[in-house]
Every structure is written in structure tokens, then in C-alpha cells.
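# Structural description and commentary
The lines below spell out each chain.
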Amino acid sequence: MNLTWLQFIGTTFGVAQVLLARKNNVHNYLFGIISVLVSIWVLYESKLYADILLHLYYLVMSIYGWFYWKFGKKKQAAPISYSSNLEHVKALAIVAGCFTLMSWWLTFHTNSDVPFWDAAVSAFAWAGMWLMAKRKMENWIYLNVSNAIAIPLLLYKELYIYAGLTVFLFTVGTSGYLKWRKIIQNEKRDIYAEA
């Protein structure tokens, strides 16, 4: 099967995943897992090695996120919330650490022709996915920074379907942030109305 068809299949499941995430639906992770598995092969064939590691991380975080969203820490669904100061620091540390390690690895241990761009996409996405799994609002911001860097990289690699998907993901990321913010505002309004 050629890469175009695989991109199409991965994109279809990726679109379903992000639309379900925007709706705050826990089943987004099931579609995400299929999308990740298909994408790993496409990325391998395209020599985007940091993205392969990122997708393996997505796989682990999707499984974790599915359980966390479904059961939370108290055997009930975890609510959407804003990140604490400590979570902001951790997210920035994930970006810095991931970028440093990935840049070094890609430059000195692979045949990547875009080590810094590939590392930057991965670094912001790692932090965004960690925040998504914890149901934090800021996940959309980190993921959209990753998407903004990824679009020209994917065009350069001639992965046009994935570039189109990433433009779509950027748009949904923006609307997802607004939708989640509205959910939080409605929950606060309901709490005040009950008090």
C-alpha cells in the first residue's frame, strides 16, 4: 500500500479523533490509537524519526488519557481545568528537554535532513499531549504551536495529505480551545447558580 493511501486512512481516523476531543468525548482516544499506528509507518518511510517517537508517546498517552478521562483520580470523570503554575513549568520543561534531546539525537544519530524542525514539532506536541491527557485547557495552545511548525515541514517532505490534516487540526485546535473554555464557564455558572 503506498503512502498516499496510508496518509488518507491515518487522516480519516485523526479527523474523527480530534472532532471527538473537541466535543470532550472520551472515545476520541480509540480513533487516535488507530491513527497513530498508521502514521508510524508513513513517518518511518519519510525519515521523520522524532515524529515516530512522538507517535509512540501519543500511543502511550492515548491509553493513559482514555483511563484518566474515564475514571480520573477518584473513580469519576476528570473535569476540564486550567493548568496550575507547576503544570505550566512542567509543560515548558517537557518542551525544552524534548527539543534538546531530539535535536541532538536527530543530528548525530540519524540521517534526518530536518533535525531542528522535526524536534520542534515533537517538543511542543509532547507537552500538548501530556496536557490533553490531564484534560488541561492549554493542551490546545501547545498542540497548535506544534501544528504551526509541522505544516511547512510536511509540505517540504511532500506529505500533502498530512499537511492538509495538520491545517485542519490547527483550525479544530482553535475551536477546541474556545469550546472547552465555554464548557468551563458553563460549569462555573452552574455552580454559582446552585449556591
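This text gives an overview of the structure that appears in the document. (Residues numbered from 1 in each chain as written. Predicted model: local features only at pLDDT ≥ 70, side-chain atom pairs only at ≥ 80, totals over all residues. Heavy atoms only, no water.)

Residues Ile63, Phe67 and Phe71 make up a contiguous nonpolar surface patch of roughly 270 Å² in combined accessible area. Relative to the assigned elements, Phe71 resides in helix α3 (residues 49-71). For Phe71, a relative accessible area of 34% translates into the label partly exposed. (Patch = residues over 30% accessible without salt bridge, like charges linked within 9 Å, V, L, I, M, F, W, Y side chains within 5 Å. Areas by Shrake-Rupley, 256 points an atom, 1.4 Å probe, with all protein chains shown as cover. Salt bridge = Lys/Arg side-chain N within 4 Å of Asp/Glu carboxyl O. Helix = DSSP H or I, 4+ residues; strand = E, 2+ residues; numbered from the N terminus. Buried < 20%, exposed > 50% of the residue type's maximum accessible area, 1.4 Å probe, protein only.)

Another point: the packing of aromatic side chains. Going through the model one piece at a time under the given rule, you end up with eight aromatic pairs. Considering the side-chain rings of Trp140 and Trp180, the 5.3 Å spacing of their centres and the 85 degrees angle between planes classify their relative orientation as edge-to-face. With Trp140 in helix α6 (residues 139-156) and Trp180 in helix α7 (residues 160-194), this residue pair connects regions lying 40 residues apart in the sequence. On the basis of relative accessibility, which here comes to 3%, the residue Trp140 falls in the buried class. The class for Trp180 is buried, based on a relative accessible area of 0%. Note that Lys134 overlies the ring of Tyr68, its terminal NZ or CZ placed 5.6 Å from the centroid. (Phe/Tyr/Trp six-rings, centres within 6.5 Å; stacked < 30°, edge-to-face > 60°. Lys NZ or Arg CZ within 6 Å of the ring centre and 35° of its normal.)

The next subject is the pattern of salt bridges. Between side chains of opposite charge, pairing is possible as soon as their charged atoms come close. Under the counting rule described, the total for this entry stands at two salt bridges. As a salt-bridge pair, Glu87 and Lys136 come within 3.4 Å of each other at their nearest N and O atoms. Note that Glu87 is positioned in helix α4 (residues 85-109) and Lys136 in the loop between α5 (115-133) and α6, a separation of 49 residues in sequence. Lys136 carries the same exposure label as Glu87, and that label is buried. A salt bridge links Lys157 to Asp113; the nearest nitrogen and oxygen atoms lie 2.6 Å apart. Here Asp113 lies in the loop between α4 and α5 and Lys157 lies in the loop between α6 and α7, a separation of 44 residues in the sequence.

Owing to a relative accessible area of 14%, Glu87 belongs among the buried residues under this scheme. A polar contact of 3.4 Å, which involves the side chain of Glu87, links it to the side chain of Lys136. (Polar contact = N/O pair within 3.5 Å; in protein donor to acceptor, adjacent residues only side chain to side chain.)

So, on to empty space enclosed by the protein. Throughout the structure, instances matching the rule amount to one cavity of 30 Å³ or more. A volume near 670 Å³ is recorded for the largest cavity. Lining the largest cavity are 34 residues, with His55, Tyr58, Asn147, Leu165 and Leu169 sitting closest to its centre. Of all the secondary-structure elements, those providing two or more residues to the lining of the largest cavity are α1 (3-22), α2 (28-45), α3, α5, α6 and α7. Looking at the lining of the largest cavity residue by residue, the classes come out as 18 nonpolar, 15 polar and one charged. (1 Å grid on protein atoms, 1.4 Å probe; cavity = no way out; pocket = protein on both sides within 12 Å on 5 of 7 lines; lining within 4 Å. Points joined across faces, edges and corners; volume = space filled by probe spheres on them. Nonpolar A, V, L, I, M, F, W, Y, C, P; charged D, E, K, R; others polar.)

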